[in-house]
Amino acid sequence: MASIAPGGIPDFLDSLFRSESRRILASLIRLLGDFDLAEDGMHDAFAAALEAWPRDGVPGNPRAWLVSTGRFKAIDRLRRSARFSTSLETLAELPAEGPSEWVEEEGVEDDRLRLIFTCCHPALPPEASTALTLREVCGLTTEAIARAFLTAPSTLAQRIVRAKAKLREAGIPFEIPARADLPDRLDAVLKVVYLVFNEGYSASSGEALTRPDLSDEAIRLGRLLLELLPDPEVMGLLALMLLQESRRAARVSPEGDLVLLEDQDRSRWDRALMAEGKALVDQALASRRVGAYTLQAAIAAAHAEAAEAPATDWTRIIGLYTLLARVAPSPVVDLNRAVAVAMRDGPQAGLDLTDALLARRDMAEYHLAHSVRADLCRRLGRTEEALASYRQALGLVQQGPERRFLERRVAELQK
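In this text the structure is predicted, and so the values were computed from the model without any measurement. (Residues numbered from 1 in each chain as written. Predicted model: local features only at pLDDT ≥ 70, side-chain atom pairs only at ≥ 80, totals over all residues. Heavy atoms only, no water.)

### A word on the overall build of the protein
- Along its length, the protein carries 21 helices and zero strands.
- Its C-alpha atoms give the protein a radius of gyration of 24 Å, within 12% of the compact-globule value 22 Å for 415 residues.
- Taken along the three principal axes of its C-alpha coordinates, the protein extends 70 × 50 × 40 Å.
- Every one of the 415 residues in the protein was classed for burial, and the buried ones make up 51%.
- For the protein, the proportion of contacts with a sequence separation of at least 24, taken over those separated by at least 6, is 65%. (Helix = DSSP H or I, 4+ residues; strand = E, 2+ residues; numbered from the N terminus. Rg over C-alpha atoms; globule rule 2.2 N^0.38 Å. Buried < 20%, exposed > 50% of the residue type's maximum accessible area, 1.4 Å probe, protein only. Contact = heavy atoms within 4.5 Å.)

Pasting the structure below:
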C-alpha cells in the first residue's frame, strides 16, 4: 500500500487522473471493446477509489486497481441495463485477479499505441481520426478540439460520435496492425502524433502557452513507433519533436509570456534532447528517403546549431523550406519560408511574400499570418499598417500568451 494520509487522497487521485487517465482508458477500451462504456467505467473507478482508498489505503499498483475496477463497473452497467451480449460473456471469462498481466505491458505492445492505430484506421476519414485521437488518446475537450480546427463544437461532437459508431459497426479490432500493413497506416498515425505534440508545444487556446503532458506523451508515442517501425519518417518526426521540445524552457518568461526564438536564452535549451534529435535527423537524411517530417527536423536542427540568433544559417533554412514546399505544399510552410527570407534578405522581401499569401482565402483567418505581416511592417517603420495587422491578429488569436504578446506590440507602437 502507498503511504498517503486519507486527507491527501483527493489530491492524489486528481494528480493520478491527469497523468494516467488516458492510459487507463486505453486499457479499458481494449478490454471492453467500446469507447463510451470504457469512459463510463473509468469515471466509475475513480469515484470508487475516492470512496475506498481513504478507508482501505492506496493499493500498491493504483493504475491496475483502477483498470480492474473500471472493467467490473462497466460489466455491472451492462448487467443493470440488461444489454447482455457475446462480448459480455467473453469479458466475464477474464481473470478477476492479476491485472498487472495486462496493465503493465511495455514496449511496442502498448494500449495507447493500439488506441492510436485504431483511431487512425483507414475506415475513418482523416478529420474524424484526428478528432477521435485528440479526444480519446489525449483527453482534450470537444470544445478545445473544435477551437483548434475552427469547427463548431456540435459539428465536432457529431464527427466523434460517427467515428465511434463506424469502428463499432465495422468490428474494427483494437490492435497494432501486422508489420506488412504498417506502412499504409503510418502516415495517418504520424500526422495525429504530431498534432498531439503541437497542441502540447503550443496550445491552441487558453492561458498556458504549453501543455507538457501532451508533448511528453507524443514523444513517448514517437519512441514506441520508432521501436515498432524504424522508418526514416518516424525518425524524422521523433527528431522534430525532440528538437522543438529542447527549447521549451526558453520559450516562456517567468511570468508565463511568450519569448520569440530570436530572443530566447539559448543556454536554457536542453542539450541532451538537441543531441538526440540531431542524431536522428542525420540518420533519417542518410536514408535518402526524405519526407516532410525529416525536412522540418532538419530546419529545427539548423536553428539548434546556431549558438546565437545572428549566426543562424538562413540560406540553408530557406533551401529546406523550398524542398518542404515541394514535398508537402502548405500555406503555413510558405509563411515560414517568407519569415526566413525576411531574416536573410530584409523585411520588404518577406512582406512581399506574406502579402501574396494573405491574398489567398485560406490564410485570411490565420492569426499568425497577420502577426507576421504586422512585424514586418513594424520593422519597416510602417506603423499604421503594423497596428492594423496586429489588431487583425488579436481578433483571431485564442491563446493567452500570444494575445498578451500582440497587445504589448500594439502598446509599444502607440507610444
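Having seen the structure, we can now continue with the description.
### Details of the state of the cysteines
- All chains considered together, the criterion is met by zero disulfides.
- The closest cysteine sulfur to the non-disulfide-bonded Cys 120 is located on Cys 119, 6.4 Å from its own sulfur. (Disulfide = S-S within 2.5 Å.)

### Points about the packing of aromatic side chains
- Under the defined criterion, the tally for this structure stands at six aromatic pairs.
- Ring plane angle 70 degrees and centroid distance 5.2 Å describe the contact between Trp 53 and Trp 65, whose orientation is recorded as edge-to-face. Of this pair, Trp 53 sits in helix H2 (residues 35–56) while Trp 65 sits in helix H3 (residues 62–81), and the two are 12 residues apart along the sequence.
- Judged by centre distance (5.7 Å) and plane angle (85 degrees), the ring pair of Tyr 194 and Tyr 293 falls under edge-to-face. Separated by 99 residues along the polypeptide, Tyr 194 in helix H10 (residues 182–201) and Tyr 293 in helix H15 (residues 292–304) bring together distant segments of the chain.
- Residue classification places Tyr 293 among the buried positions, given a relative accessible area of 13%.
- Among the aromatic residues, ring-to-ring pairing joins Tyr 194, Phe 197, Tyr 201 and Tyr 293 into one connected group.
- The residue whose ring lies beneath Arg 247 is Trp 269, and the NZ or CZ to ring-centre distance is 5.9 Å. (Phe/Tyr/Trp six-rings, centres within 6.5 Å; stacked < 30°, edge-to-face > 60°. Lys NZ or Arg CZ within 6 Å of the ring centre and 35° of its normal.)

### Thoughts on the nonpolar core
- Within the largest apolar cluster, 101 residues are counted, with the highest numbers of intra-cluster contacts made by Trp 53, Leu 225 and Met 241.
- Every residue in contact with Leu 225, bar those within four places of it in the chain, is listed here: Leu 113, Phe 117, Leu 186, Val 189, Leu 190, Val 193 and Val 234. (Core = buried A, V, L, I, M, F, W, Y, C linked by side-chain atoms within 4.5 Å.)

### Description of the packing of helix H12 (residues 232–245) against H15
- Here H12 crosses H15 at 35 degrees, and the two axes come no closer than 7 Å. Crossing of H12 over H15 shows left-handed handedness. Contacts between H12 and H15 involve Pro 232, Glu 233, Gly 236, Leu 237, Ala 239, Leu 240 and Leu 243 on the former and, on the latter, Ala 292, Tyr 293, Thr 294, Gln 296, Ala 297, Ala 300, Ala 301 and Ala 304. (Axes fitted to C-alpha atoms, helices over the stretch in contact; angles between N-to-C directions. Left-handed = near helix turned anticlockwise from the far one by under 90°.)

### Some remarks on the confidence of the model for the protein
- Residues of the protein with pLDDT of at least 70 account for 91%, and the chain-wide mean is 86.
- Low pLDDT, under 50, characterises residues 90–109; the predicted model gives this stretch 33 contacts beyond four residues in sequence or across chains. (pLDDT = per-residue confidence, 0-100.)

### Details of H12
- Compared with an ideal rise of 1.5 Å per residue, which puts 14 residues at 20 Å, H12 spans 20 Å between its outermost C-alpha atoms and is within 8% of the ideal.
- Burial analysis of H12 places 14 of its 14 residues in the buried class, the great majority of the element. (Expected span 1.5 Å × (residues − 1).)

### Some details on the pattern of salt bridges
- Tallied over the full model, the rule gives 28 salt bridges.
- Put simply, Asp 44 and Arg 77 hold a salt bridge, and the shortest N to O gap is 2.7 Å. Highlighted residues: Asp 44 in helix H2 and Arg 77 in helix H3, separated in sequence by 33 residues.
- Look at Asp 44 and you get partly exposed, because its relative accessible area is 21%.
- Arg 316 is paired through a salt bridge with Glu 305; the nearest N and O atoms lie 2.9 Å apart. With Arg 316 in helix H16 (residues 314–327) and Glu 305 in the loop between H15 and H16, the pair connects residues that are 11 residues apart, well separated along the chain.
- For Arg 316, a relative accessible area of 34% puts it in the partly exposed group.
- When salt bridges that share partners are traced, they join Asp 355, Arg 373, Arg 382 and Glu 385 into one network. (Salt bridge = Lys/Arg side-chain N within 4 Å of Asp/Glu carboxyl O.)

### Re the packing of helix H6 (residues 111–119) against helix H7 (residues 126–136)
- It is at 9 Å that the axes of H6 and H7 come closest, and there the two elements cross at 155 degrees. As judged from the angle between their axes, H6 and H7 are roughly antiparallel. For H6 against H7, the interelement crossing comes out right-handed. Facing Leu 115, Ile 116 and Cys 119 of H6, the residues of H7 in contact are Ser 129, Leu 132, Thr 133 and Glu 136.
- Partitioning the contact of H6 with H7 into residue classes produces four nonpolar, two polar and one charged. (Parallel < 35°, antiparallel > 145°, perpendicular 65-115°, else oblique. Nonpolar A, V, L, I, M, F, W, Y, C, P; charged D, E, K, R; others polar.)

### Concerning the side chain of Glu 245
- Within the secondary structure, Glu 245 is located in helix H12.
- Once residues lying within four places of it in the same chain are set aside, the contact partners of Glu 245 are Phe 197, Tyr 201, Ser 215, Asp 216, Ile 219 and Leu 273.

### Considering unusual backbone geometry
- Here the phi dihedral of Arg 288 falls at roughly 65 degrees; this positive angle occurs in a residue that is not glycine.
- Mapped onto the elements, Arg 288 comes out in the loop between helix H14 (271–286) and H15.
- Taking relative accessible area as the criterion, Arg 288 reaches 75% and is therefore assigned exposed.

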